[in-house]
Amino acid sequence: MVQKYQSPVRVYKYPFELVMKAYERRFPTCLQMPIVLDCQIVSDEVKENGAIRNTSRRCKLAVEAPYLFKKLIGLDVVYFIQNNFLDMRARSLNIEAVNETYSSRIEIFERCRYYAHPENPDWTCFDQTATLDIKNFFGFEHSMEKMGMKQYTQTTLKGKEIIEFFIEELKKDGITSAERWQSCETSENDVVIDVQASNLSSRKPSIAEYEDMLDGEYISKNLGELEPLQESKLLELREIFKEANLTKIPDYQTMLRFLRARDFSVEKASQMLQESLKWREENCIDQILSEYKKPSVVVKHFPGGWHQCDKDGRPIFILRLGHMDVKGLLKSIGEEGLLKLTLYICEEGLQLIQAANKSNDKPVLSWCLLVDLDGLSMRHLWRPGVKALLRIIETVEMHYPETLGRVFVVRAPRVFPIAWTIVSAFIDDYTRSKFLFYGGPDCLHMKDGLEVYIDSEAILDFLGGPCESLVHEGGLVPKTLYKSMSDEDADNDAPVVGSNNGSLYTSVDLKPGHIHEVVITNNDPKSVLTWDFDSVKSHLHFTVYRTTVVPMSTISDASMSVFDWTGFELDKNYFRVEPSLVCHAKESVQGSHVMNHTGHYVLQWICPPSCDNPAQLMYFHEILSSANYKGSMSSLQSGISVMSLNSR
């Protein structure tokens, strides 16, 4: 496979004629380029009264290759033929170089250009392209191509440094300017040393063509540090989209993000970006900032918003996930509505990145996310909510790659490792490396950690900082806003549950003194049993047991159970594995237990005989396999939802 390289445009802030004087000083050798051992002029032709000069050189180069390859080829030096075509009238120098050594096995072709800047005649532009094709090289063709192109690109930046060096040398000699070539009649005294060089067009780019090129200064200001080969890949990708004759060609920042997402594979990045552009058109993404209006439930209950910037100038988005009623929002605006809200935020992020990039001295190419997990519980692992989250992650990674600079995860509770185990499997390794975790309630310690990346005055008050938070705290979404409710559920002010409608939640009515038990058979040690339930009409007692016998799941009178309503064990074959708790009316309980043993586990709910009214129970349980759960906790106790407590 032919390896290609194309450089961005490099600009010397010196006139073309002065740059040419500096260029001539690099021959036959210079200390800055030790690989060049010698350069001998083979032919030189000057005509049209000095306007045109064509020069050929035979250059001797040291072989920069591992010892093994040097032994294989039996050479320590190689020879190249360099042809220079100088047009002082057009103020351009075109250079072509091809290898003479091993030309039957290896084809190396390089083209460089110096030319007057189209917009500023006192500046000079430089660009270069190269191809390397190894046809037959002892079975090492692919390895040698990659190694050769890598070493070539490492030396490309030295060229600019050399010109700068020799311009300084000229200044030391008192040469700070050079006269431009003046037209006059052609004389018979034109110097012709050798007429061997071929003709080559010396046309310099027009202003329109130059504006479409990738300028070295533009890179440093807008894209940051790039390796020469990365710059080349960016130009190659740009050329693909130019040839596609698109109405709007993606900007360099966008193309760079997609290249990074595909490890600078032009083919893969091109396919990914083309699919994303098609997706944007089909879903009218370019109009989302002007057309999307946040539903009232989002305005009132979505706990997220933009804050200030981090120390690198990145905009920060705050998401108080622990205060987010995932179920309520999902039932109010649906999965599509939650996805559209996310896309709106992502488009806002791109807009803020562009603004930050213009106002900062250094490139800003991404934004930060600060996720506050205070209040996170198993309720947030509600299966439809997790499903929606995974779809959002997939969509964002596909169409907004490399827009996330850092992710600060703060106040992570004990339940977080399970959530992270589920979600992180769908996040690529590079993105996961951007996550920084600050767990526990110690705001002072957390504040100290955040101050490494965020100015102290920008740290929010709920994290121990002085900055007042303008982000909505979320809270429980009223069930009256649920769109996916039946009339019966609306009358009961309850979530959509029951096996008759295919929901994940099961609804059970319990009379005072009755018990409901669910039996789970476990054949996977270290798997995790999770639960989420609501008590709608009355309070319930809840306990988790392990048993060595085979129980039966049923609704029964408390007097018929192996337990009494206080949770007292009446059978030595049953072992309580989680503390009993009381769930009051309209509260939600989430929890989990690592099932270290095989056998049977029992989830038990009791409506105490002392209750005046029957209880309505809505519950859901799930098992996370040991293969997917990589947490280190031996047990996560059940907890009552903070939002449900606030709603009482």
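For the structure itself, consult the block above.
The numbers attached to residues start from 1 for each chain and follow its sequence in the written order. The predicted nature of this model means local features are confined to residues of pLDDT at least 70 and side-chain atom pairs, given and counted, to a pLDDT of 80 or more, with totals for whole chains, interfaces and linings taken over all residues. Water and hydrogen atoms play no part in the side-chain values, which are based on all heavy atoms of the structure.

Caption draft 1: Summary view of the overall build of the protein chain. Helices and strands together make up the secondary structure of the protein chain, namely 17 helices and 23 strands. The buried label applies to any residue whose accessible area, calculated with a 1.4 Å probe on protein chains only, is under 20% of its type's maximum; exposed applies above 50%, and partly exposed to all values in between. Per-residue burial over the protein chain gives 50% buried out of 648 residues. For the protein chain, contacts bridging at least 24 residues in sequence account for 75% of all contacts bridging at least 6. Summed over its atoms, the accessible surface of the protein chain is roughly 31800 Å², and 51% of this surface lies on carbon and sulfur atoms. The way it works is that DSSP assigns letters per residue, a run of H or I at least four long becomes a helix, a run of E at least two long becomes a strand, and they are numbered from the N terminus. Contacts between residues were defined by any pair of non-hydrogen atoms, one from each residue, lying within 4.5 Å. Areas reported here follow the Shrake-Rupley algorithm with a probe of radius 1.4 Å; residue values treat only the protein chains shown as occluding.

Caption draft 2: Spatial organisation of the pairing of strand E5 (residues 77–87). Most of E5 is tucked away: eight of the 11 residues are buried. Strand pairing follows a simple DSSP-based rule, namely that at least 2 bridges must link the two strands. Here 11 bridges tie strand E4 (residues 52–62) to E5, and the two strands are oriented antiparallel to one another. In the sheet register, lysine 60 faces E5, and the bridge partner there is tyrosine 79. Bridge analysis of E5 against strand E6 (residues 92–99) gives eight bridges, and the strand direction is antiparallel. Pairing of asparagine 83 across the sheet is with glutamate 96, part of E6. Here E5 hands over to E6 after four residues, with arginine 91 in that stretch at a positive phi of 55°.

Caption draft 3: Quick peek at the nonpolar core. Membership of the largest hydrophobic core comes to 46 residues, with the highest contact counts inside it found for Phe302, Leu369 and Tyr400. Only helix H10 (296–301), strand E10 (315–319), helix H11 (326–359), strand E11 (367–372), helix H12 (383–399), strand E12 (404–412) and helix H13 (416–424) provide two or more residues apiece to this core. With 13 residues, the top contributor of residues to this core is H11. Of all hydrophobic cores here, the second largest spans 34 residues; its members include Cys39, Cys59, Phe126 and Leu170. In this description, a nonpolar core means a group of buried Ala, Val, Leu, Ile, Met, Phe, Trp, Tyr and Cys residues linked to one another through side-chain atoms lying within 4.5 Å.

Caption draft 4: Fine view of the packing of aromatic side chains. Centres within 6.5 Å are what make two rings of Phe, Tyr or Trp a pair, Trp counting through its six-membered ring; a difference in plane orientation under 30 degrees is then read as stacked, over 60 as edge-to-face, and the rest as tilted. A full pass over the atoms with the stated rule returns 18 aromatic pairs. Members of the aromatic cluster, joined through ring pairs, are Tyr12, Tyr23, Phe27, Tyr114 and Phe126. We count a charge as sitting over a ring when the NZ of a lysine or the CZ of an arginine lies within 6 Å of the ring centre and within 35 degrees of the ring normal. For arginine 238, the ring lying beneath its charged end belongs to tyrosine 252, and the centroid distance is 4.7 Å. Residue placement shows arginine 320 over the ring face of phenylalanine 462; its charged tip is 3.7 Å from the ring centre.

Caption draft 5: Here's a closer look at the layout of surface pockets. A cavity here means a set of points on a 1 Å grid, drawn over the protein atoms and nothing else, where a 1.4 Å probe fits but cannot get out; a pocket is an open set with protein on both sides within 12 Å along at least five of seven lines, and a residue lines either one if it has an atom within 4 Å of a point. Grid points are joined across faces, edges and corners, and a volume is the space filled by probe spheres set on the points. By volume, the second largest pocket amounts to about 1100 Å³. Lys248, Thr254, Leu277, Arg280 and Asp286 are the residues nearest the centre of the second largest pocket, which is lined by 38 residues in total. Elements that contribute at least two residues to the lining of the second largest pocket include exactly helix H7 (252–261), helix H8 (266–282) and H11.

Caption draft 6: The packing of H7 against H8, seen in detail. Where H7 meets H8, the closest approach of the two axes is 8 Å, and the angle between their N-to-C directions is 125°. Considering their axes alone, H7 and H8 lie oblique with respect to each other. H8 is crossed by H7, and the crossing has right-handed handedness. Seen from H7, the contacting residues are Thr254, Met255, Phe258, Leu259 and Ala261; seen from H8, they are Val266, Ala269, Met272, Leu273 and Ser276. Think of each axis as a best-fit line through the C-alpha atoms, taken over the contacting stretch in the case of a helix, with angles from 0 to 180 degrees between the N-to-C directions. Orientation labels follow simple angle bins: below 35 degrees gives roughly parallel, above 145 gives roughly antiparallel, 65 to 115 gives roughly perpendicular, and whatever is left gives oblique. Working rule for handedness: look at the near helix, and if it is turned counterclockwise from the far one by less than a right angle, call the crossing left-handed; if clockwise, right-handed.

Caption draft 7: Structural context of the packing of H11 against H12. Closest axis-to-axis distance for the H11/H12 pair is 10 Å, and the angle between their directions is 10°. With respect to each other, H11 and H12 are oriented roughly parallel. Within the contact between the two elements, H11 uses Val326, Leu330, Glu335, Glu336, Leu338, Leu339, Thr342, Leu343 and Cys346 and H12 uses Pro384, Gly385, Lys387, Ala388, Arg391, Ile392, Thr395 and Val396.

Caption draft 8: Region of interest: the pattern of salt bridges. By definition here, a salt bridge exists when the distance from a side-chain nitrogen of Lys or Arg to a carboxyl oxygen of Asp or Glu is within 4 Å. Evaluated as defined, the whole model comprises 30 salt bridges. A salt bridge links arginine 111 to glutamate 96; the nearest nitrogen and oxygen atoms lie 2.9 Å apart. Of this pair, arginine 111 sits in strand E7 (residues 106–116) while glutamate 96 sits in strand E6, and the two are 15 residues apart along the sequence. The shortest N-O distance in the salt bridge between arginine 314 and aspartate 312 comes to 3.3 Å. We classify arginine 314 as buried; its relative accessible area is 17%. For aspartate 312, a relative accessible area of 27% corresponds to the partly exposed category. Because the salt bridges share partners, they merge into one network encompassing Asp310, Asp312, Arg314, Lys362 and Arg406.

Caption draft 9: Representation of the environment of leucine 436 in the model. Within the fold, leucine 436 resides in strand E13 (residues 435–439). Its relative accessible area of 22% is what places leucine 436 among the partly exposed residues. Put simply, leucine 436 and phenylalanine 408 are 28 residues apart on the chain and 5.0 Å apart in space, counted from C-alpha to C-alpha. Those residues in contact with leucine 436, other than ones at most four positions away along the chain, are Arg406, Val407, Phe408, Val409 and Tyr453.

Caption draft 10: View of helix H6 (residues 228–243). With 16 residues, H6 ought to run about 22 Å at 1.5 Å a step, and its terminal C-alpha atoms sit 23 Å apart, in line with that. Of the residues trailing H6, asparagine 245 is marked for its positive phi of about 55°. By definition here, a helix of n residues has an expected span of 1.5 Å times n minus one.

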